[in-house]
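# Remarks on the overall topology
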Amino acid sequence: MRALVQTVSRARVTVGDEVVGAIDAGLLVLVGVTHDDTKEKAATLARKVHEVRLLPDERSASDVAAPLLVVSQFTLYGDARKGRRPTWSAAAPAEVAEPLFLAFVDALRARGATVETGRFRTMMRVESVNEGPHTLLIEI
């Protein structure tokens, strides 16, 4: 599993005209799932994302109760090393990825995190105002 974590002053996800998830100051987390991922990896990634010291004064979301907006992002497993057309073969199919994405979200909530999400398998508009900017790729 991979998570691209960004510090934001605000972020939101819109599907059509409906805002399905939004946060103020916190973390925008884009999550990708690959074929050999497990619920255990999802829980480990959730712990790392919640505890990563990316916020001001080397604090984490768990330290300051910062909210997280979590969005599924299969393109994190895209590969464009050959030619100009990326391949998505390293990304898990939706039937595998969705339960693991939900396990990641559940693991964050079990840790006490405030979590908003996008909507799996839909075309989403993700808007963010990055702070810093600070962006980190975490891979399990």
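The paragraphs below set out a description of the structure included in this document. Not measured: the values here are computed from a predicted model.

## Observations regarding helix H1 (residues 39-51)
- Over its 13 residues, H1 extends 18 Å from the first C-alpha to the last, a length consistent with the 18 Å expected when each residue adds 1.5 Å.
- Here H1 has its buried residues at Ala42, Leu45, Ala46, Val49 and His50. Along the long axis of H1, the arc covered by the buried residues comes to 130°, so they all point the same way.

## Comments concerning the nonpolar core
- Counting residues in each nonpolar core, the largest one holds 31 residues, and the members touching the most others are Val5, Val29, Val49, Leu68, Val70, Phe104 and Leu108.
- Secondary structure elements with two or more residues in this core: strand E1 (2-15), strand E2 (18-32), H1, strand E3 (68-72) and helix H3 (94-110).
- In this structure leucine 68 touches Ile23, Leu27, Val29, Val49, His50, Ala61, Leu108, Ala113, Thr114, Val115 and Glu116, once residues within four positions along its chain are discounted.
- Listed in part, the 12 residues of the second largest apolar core include Val8, Ala11, Leu76 and Met124.

## Considerations on the pairing of E1
- Direction of pairing for E1 relative to E2: antiparallel, over a ladder of 13 bridges. When the bridges of E2 are listed, alanine 3 appears paired with valine 31.
- Here E1 folds back onto E2 in antiparallel fashion, the turn holding two residues, of which glycine 16 has a positive phi close to 65°.
- As paired elements, E1 and strand E5 (residues 125-139) share 11 bridges and run antiparallel to each other.

## Observations concerning the side chain of threonine 7
- Looking at where threonine 7 falls in the secondary structure, it is placed in strand E1.
- Only 2.5 Å separates the side chain of threonine 7 from the backbone oxygen of glutamate 131, close enough to count as a polar contact.
- Setting aside residues up to four positions removed in sequence, threonine 7 forms contacts with Gly26, Leu27, Leu54, Leu55, Val129, Asn130, Glu131 and His134.

## Some points on the pattern of salt bridges
- Under the criterion given, the structure shown has 10 salt bridges.
- Arginine 2 is the partner of glutamate 139 in a salt bridge, and the nearest nitrogen-oxygen pair spans 2.9 Å. Note that glutamate 139 is positioned in strand E5 and arginine 2 in strand E1, a separation of 137 residues in sequence.
- The class for glutamate 139 is partly exposed, based on a relative accessible area of 44%.
- Glutamate 51 is the salt-bridge partner of arginine 111, the closest N and O atoms lying 2.5 Å from each other. Separated by 60 residues along the polypeptide, arginine 111 in the loop between H3 and strand E4 (115-117) and glutamate 51 in helix H1 bring together distant segments of the chain.
- Sharing partners across several salt bridges, the network here consists of Asp36, Asp37 and Lys41.

Here is what the cut-offs are and how they apply
- Residues numbered from 1 in each chain as written.
- Predicted model: local features only at pLDDT ≥ 70, side-chain atom pairs only at ≥ 80, totals over all residues.
- Heavy atoms only, no water.
- Helix = DSSP H or I, 4+ residues; strand = E, 2+ residues; numbered from the N terminus.
- Expected span 1.5 Å × (residues − 1).
- Buried < 20%, exposed > 50% of the residue type's maximum accessible area, 1.4 Å probe, protein only.
- Arc of directions from axis to C-beta.
- Core = buried A, V, L, I, M, F, W, Y, C linked by side-chain atoms within 4.5 Å.
- Contact = heavy atoms within 4.5 Å.
- Pairing = 2+ DSSP bridges.
- Polar contact = N/O pair within 3.5 Å; in protein donor to acceptor, adjacent residues only side chain to side chain.
- Salt bridge = Lys/Arg side-chain N within 4 Å of Asp/Glu carboxyl O.

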